[in-house]
Amino acid sequence: MIKTIAYLQAALILILPSAVYPVEISFFLGDVTLVRNGKMNPVAVGKKLQTGDLLKTGKGSFLEVSYPDGSKIKLNESSSATIGSRNIAGSDRVSLLSGTATGSIKKLLKGSAKSYTPTIVCAVRGTEYTLTVSSGGDSRVDVTEGIVEIISPGGSATVGENGQLETPMGGKPSPSRGSREEWKTDNDRDFEKNAAARSGRYDRQLKALDERTRETGNVIVSVQSAVAGADSRESLEKAGDLLNSASEKTEDDLLMNEALHRLARDIADSFQGRDPAVSERFRTIEKQSGLVAEQQKKNLASLQKIRDDYLKARDRILGTYKNKIDEIKSKFKNKKSDI
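Rules of the game
- Residues numbered from 1 in each chain as written.
- Predicted model: local features only at pLDDT ≥ 70, side-chain atom pairs only at ≥ 80, totals over all residues.
- Heavy atoms only, no water.
- Helix = DSSP H or I, 4+ residues; strand = E, 2+ residues; numbered from the N terminus.
- Axes fitted to C-alpha atoms, helices over the stretch in contact; angles between N-to-C directions.
- Parallel < 35°, antiparallel > 145°, perpendicular 65-115°, else oblique.
- Left-handed = near helix turned anticlockwise from the far one by under 90°.
- Contact = heavy atoms within 4.5 Å.
- Nonpolar A, V, L, I, M, F, W, Y, C, P; charged D, E, K, R; others polar.
- Buried < 20%, exposed > 50% of the residue type's maximum accessible area, 1.4 Å probe, protein only.
- Phe/Tyr/Trp six-rings, centres within 6.5 Å; stacked < 30°, edge-to-face > 60°.
- Lys NZ or Arg CZ within 6 Å of the ring centre and 35° of its normal.
- Salt bridge = Lys/Arg side-chain N within 4 Å of Asp/Glu carboxyl O.
- Core = buried A, V, L, I, M, F, W, Y, C linked by side-chain atoms within 4.5 Å.

(A) The arrangement of the environment of glutamate 211 in detail. For glutamate 211, the position within the fold is in helix H3 (residues 195-229). In this structure, the C-alpha to C-alpha distance between glutamate 211 and valine 292, residues 81 residues apart in sequence, is 9.6 Å.

Set out below in structure tokens:
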């Protein structure tokens, strides 16, 4: 019975959206902007945020976002971030586009909360950390308490208490030195001077994301076959694990890519009047990112179709299992009556 309950709980992960209750603004100070569906929206404490919202803070300003479990993300001054993705139902995690954000994440019984940047995914559980993104899209994670797993197309790493890791655009995580303020100042200055040359790092990042997307396409065929061939609780559970893993990877990659896409647009806009060549280069990157995103969205649609098939198989298999249990109970009850 315990195994059956655990199996049903695992199956529910495939049904329920990731966000059941809305994330909201719990505090703000100074010049804070909320853009929803391309339009300015009023900012207020208690304001419910929606998937796709864009948040910006001015100099000397900050904003705090709270989750139902008590976890909080503070968007510090001169920073911008988005909430989730319109292409992922129920998504509500913060994608930091530029600046810094400080997270205080409650301990989770299972899984991890995530934050995103144009270069990495931060998987955290019960952690105090600060995420920093330079104007060129490089990322750094400073952990005060707990452990954060850093996932990037170039590689993965884990950073513990009082540790720091940085991940350049198109690169892999490595130890970082000095204060995050100095790190960001140096990276911002370097990007401002060498934006054209640094654009090549975006090509590497997009190439890696494109390769991961193609790999996922191949995995989807295997997942589909596993779901179609499931004929027992055990085989269905294995198929469900494969489906969850492929879905998680695809969603992570899409959120990273969408952050890169928006950052490339912002960079193109910022160089529009002062260096048209750099601006045009990042317009091209923005378009290339969009092409990768289209395939990522197709993968998500395919996985959703497989998810529907999985739920049908689950109902069929669990229904058969329940009938067998009822049959055994009935036989046992009849034997007791004969005694």
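(B) Here's a closer look at the packing of H3 against helix H4 (residues 233-270). Two elements in contact, H3 and H4, have axes separated by 10 Å at closest approach and are oriented at 155°. Judged by the angle between their axes, H3 and H4 are roughly antiparallel. Here H3 runs over H4; the crossing is left-handed. The segment H3 lies against H4, with Tyr202, Gln205, Leu206, Leu209, Arg212, Glu215, Thr216, Val219, Val223, Ala226 and Val227 engaging Ala239, Leu242, Leu243, Ala246, Lys249, Thr250, Asp253, Met256, Asn257, Leu260, Leu263 and Ile267. Among the residues making up the contact of H3 with H4, the classes are represented as 15 nonpolar, 4 polar and 4 charged.

(C) Local environment of the side chain of serine 85. Summarising the element assignment, serine 85 is placed in the loop between strand E7 (80-83) and strand E8 (94-104). Taking the relative accessible area as the measure of exposure, serine 85 reaches 2% and is therefore buried. When neighbours within four sequence positions are excluded, serine 85 is seen to be in contact with Thr51, Ser91, Leu254, Leu255 and Glu258.

(D) Summary view of the packing of aromatic side chains. Going through the model one piece at a time under the given rule, you end up with 4 aromatic pairs. A ring pair is formed by tyrosine 202 and phenylalanine 282, whose centres lie 5.2 Å apart and whose planes are at 85°; its orientation type is edge-to-face. With tyrosine 202 in helix H3 and phenylalanine 282 in helix H5 (residues 276-338), this residue pair connects regions lying 80 residues apart in the sequence. The pair tyrosine 202 / phenylalanine 282 is uniform in exposure class, with both members buried. An aromatic cluster is defined as three or more aromatic residues linked by ring pairs; in this entry it consists of Phe191, Tyr202, Phe271 and Phe282. Here the guanidinium or amino end of lysine 74 rests over the ring plane of phenylalanine 62, the centre of that ring lying 4.5 Å away. The residue whose ring lies beneath arginine 274 is phenylalanine 271, and the NZ or CZ to ring-centre distance is 4.1 Å.

(E) Here's a closer look at the pattern of salt bridges. Tallied over the entire structure, the rule returns 23 salt bridges. Residues joined by salt bridges that share partners form a network here, namely Asp138, Asp190, Arg198 and Arg201.

(F) Representation of the nonpolar core in the model. Of all hydrophobic cores here, the largest spans 30 residues; its most connected members are Leu49, Leu55, Cys122, Tyr129, Val141, Val148 and Ile150. Listing elements by their share of this core, those giving two or more residues are strand E2 (32-36), strand E5 (62-66), strand E6 (72-75), E7, E8, strand E10 (121-133) and strand E11 (139-152). The element that contributes the greatest number of residues to this core is E10, accounting for 5 residues. Once residues lying within four places of it in the same chain are set aside, the contact partners of leucine 49 are Val23, Glu24, Ile25, Leu34, Arg36, Leu55, Val65 and Ile83. With 25 residues, the next largest nonpolar core counts Ile267, Phe271, Val278 and Phe282 among its residues.

(G) Just unusual backbone geometry, in detail. Positive phi, close to 50°, is recorded for serine 78, a residue that is not glycine. What makes serine 78 partly exposed here is its relative accessible area of 44%. Phi is positive for asparagine 162, close to 65°, though the residue is something other than glycine. Take asparagine 162: it is sitting in the loop between strand E12 (155-159) and strand E13 (164-167).

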